[in-house]
Amino acid sequence: MSTTRRPTAQRREEIADAALRIIENHGIVALTTSSLARAVGLTTGALFRHFDSTEAILEAVAERVETLLRATLPDADLPPRVRLERFLDARSAVAGKHAGILRLMTSEQFTLALPPGAKRRLRAAVAETRALVTRTLADGQAEGAFRDDQPADALAVIVLGTLKMLAFAAAVGGAPEAQSARVRATLRALLERQAGRPKRRKA
């Protein structure tokens with residue numbers, strides 16, 4: 001077992017990241033205090049010097065996911081096209097590094113196993129992501145950068161589906177660069193306002 005002392009905040013983050021790796025590789029049922037302690041080189045007793053309970057550990061996992069996802073949110077002042085591209089880049093990269101996030105964010109079974117506070121955090125993160133994408137698309141429509149024959153929230157479904165595809169590819173080892181580029185090019189084509197099509201007038 002490791003005897004190296006680290007700052008509490010750093011150790012808690014390491015424990016949360018180790019929990020995400022266990023969830024990624026073996027599912028949430030494999031996340032036990034003993035498996036987690038082994039993963040970070042601590043005794044179970046030492047683990048509970050950092051957390052009061054297993055529920056507190058799961059809350060920390062949700063908080064860590066929330067922090068990682070928020071770090072991928074782009075500057076709201078960027079042009080909509082750039083904002084969307086940077087978001088897709090950052091979010092798929094995080095999913096590739098922390099594949100457990102993808103399981104937690106896309107599986108209702110996993111979220112049902114979490115304590116109430118952790119579930120609220122993850123659901124809020126999903127809602128925040130959807131809101132960001134919808135707002136970015138609406139901003140792009142207002143500028144004529146994106147097609148406006150469909151409402152922004154409908155186009156957001158396409159973007160979020162593409163994001164899941166890119167994130168999954170990153171999580172399982174990455175798609176070839178050419179394949180990823182084709183996916184992105186297809187998304188751009190789907191969002192593009194057709195040349196010569198007049199901008200829709202608001203009622």
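Residues numbered from 1 in each chain as written. Predicted model: local features only at pLDDT ≥ 70, side-chain atom pairs only at ≥ 80, totals over all residues. Heavy atoms only, no water.

Caption draft 1: Up close: the overall build of the protein chain. Each helix and strand in the protein chain was counted, giving 10 helices and 0 strands. Walking the protein chain from its N terminus toward its C terminus, one meets helices and strands in the order α-α-α-α-α-α-α-α-α-α. Considering only contacts within the protein chain whose residues lie at least 6 apart along the sequence, 64% involve residues at least 24 apart. Accessible area of the protein chain: about 11,300 Å², with a carbon and sulfur share of 52%. (Helix = DSSP H or I, 4+ residues; strand = E, 2+ residues; numbered from the N terminus. Contact = heavy atoms within 4.5 Å. Areas by Shrake-Rupley, 256 points an atom, 1.4 Å probe, with all protein chains shown as cover.)

Caption draft 2: Focus on empty space enclosed by the protein. Applying the stated rule across the entire model yields 1 cavity of 30 Å³ or more. Here the largest cavity defines a volume of roughly 40 Å³. Looking at the largest cavity, the residues that line it are Glu 66, Leu 69, Arg 70, Leu 73, Arg 91, Ala 125, Glu 128 and Thr 129. Those elements giving two or more residues to the lining of the largest cavity turn out to be α4 (54–70) and α8 (116–143). Of the residues assigned to the lining of the largest cavity, the class counts are 3 nonpolar, 1 polar and 4 charged. (1 Å grid on protein atoms, 1.4 Å probe; cavity = no way out; pocket = protein on both sides within 12 Å on 5 of 7 lines; lining within 4 Å. Points joined across faces, edges and corners; volume = space filled by probe spheres on them. Nonpolar A, V, L, I, M, F, W, Y, C, P; charged D, E, K, R; others polar.)

Caption draft 3: Local environment of the packing of helix α1 (residues 8–26) against helix α2 (residues 33–40). Following both chains from N to C, one finds α1 and α2 inclined at 115 degrees, their axes separated by 9 Å at the closest point. As α1 packs across α2, the resulting crossing turns out to be right-handed. Between α1 and α2, the contacting residues are Arg 11, Glu 14, Ile 15, Ala 18, Ala 19 and Ile 22 on the first element and Ser 35, Leu 36, Ala 39 and Val 40 on the second. (Axes fitted to C-alpha atoms, helices over the stretch in contact; angles between N-to-C directions. Left-handed = near helix turned anticlockwise from the far one by under 90°.)

Caption draft 4: Spotlight on α4. Its 17 residues place the ends of α4 24 Å apart at the C-alpha level, agreeing with the 24 Å of an ideal helix rising 1.5 Å per residue. What α4 keeps buried is the set Ile 57, Leu 58, Ala 60, Val 61, Ala 62, Arg 64, Val 65, Glu 66, Leu 68 and Leu 69. Check the buried side of α4 and you find it contacts α1, α2, α3 (44–50), α5 (80–97), α6 (100–106) and α8. (Expected span 1.5 Å × (residues − 1). Buried < 20%, exposed > 50% of the residue type's maximum accessible area, 1.4 Å probe, protein only.)

Caption draft 5: Local environment of the environment of His 50. Inspection of the secondary structure puts His 50 in helix α3. Taking the C-alpha atoms as reference points, His 50 and Arg 12, 38 residues apart in sequence, are found 6.6 Å from one another.

Caption draft 6: The arrangement of the nonpolar core in detail. Counting residues in hydrophobic clusters, the biggest one holds 30 residues, and the most contacted among them are Leu 36, Leu 47 and Leu 104. Secondary structure elements with two or more residues in this core: α1, α2, α3, α4, α6 and α8. In terms of residues, this core owes the most to one element, α4, which gives 8 residues. (Core = buried A, V, L, I, M, F, W, Y, C linked by side-chain atoms within 4.5 Å.)

Caption draft 7: Representation of the side chain of Arg 83 within the structure. Checked against the element boundaries, Arg 83 lands in helix α5. The buried category is assigned to Arg 83, whose relative accessible area is 6%. Within the structure, the side chain of Arg 83 is placed 3.4 Å from the backbone oxygen of Ala 76, a separation counted as a polar contact. Side chain to side chain, Arg 83 and Asp 139 meet in a polar contact 2.9 Å long. Ignoring sequence-local partners within four residues, the contact set of Arg 83 consists of Pro 74, Asp 75, Ala 76, Leu 78, Arg 135, Thr 136 and Asp 139. (Polar contact = N/O pair within 3.5 Å; in protein donor to acceptor, adjacent residues only side chain to side chain.)

Caption draft 8: Expanded view of the environment of Ile 28. Within the secondary structure, Ile 28 sits in the loop between α1 and α2. On the basis of relative accessibility, which here comes to 13%, the residue Ile 28 falls in the buried class. Sequence separation between Ile 28 and Arg 103 is 75 residues, and the spatial gap between their C-alpha atoms is 9.2 Å.

Caption draft 9: Seen up close, the environment of Arg 123. Take Arg 123: it is sitting in helix α8. Between the C-alpha atom of Arg 123 and that of Met 105, which follows or precedes it by 18 residues, the distance is 8.1 Å.

Caption draft 10: Region of the structure containing α8. For α8, spanning 28 residues, the distance from its first C-alpha to its last is 41 Å, which sits close to the expected 40 Å at 1.5 Å a residue. Every buried residue of α8 is accounted for by Gly 117, Ala 118, Lys 119, Leu 122, Ala 125, Thr 129, Leu 132, Val 133, Thr 136, Leu 137, Gly 140 and Gln 141. Remark: Gly 144 follows α8 within two positions and exhibits a positive phi of approximately 80 degrees.

Caption draft 11: View of the pattern of salt bridges. Considering all chains together, one arrives at 11 salt bridges under this definition. Residues Arg 64 and Asp 17 are paired through a salt bridge, measuring 2.8 Å at the closest nitrogen-oxygen approach. With Arg 64 in helix α4 and Asp 17 in helix α1, this pair connects stretches of sequence that are 47 residues apart. The two residues Arg 64 and Asp 17 agree in class, both being buried. Between Arg 83 and Asp 139 there is a salt bridge, with the nearest N and O atoms lying 2.9 Å from each other. One end of the pair, Arg 83, is in helix α5; the other, Asp 139, is in helix α8, with 56 residues separating them in the sequence. Asp 139 gets classed as partly exposed once you look at its relative accessible area, which sits at 31%. (Salt bridge = Lys/Arg side-chain N within 4 Å of Asp/Glu carboxyl O.)

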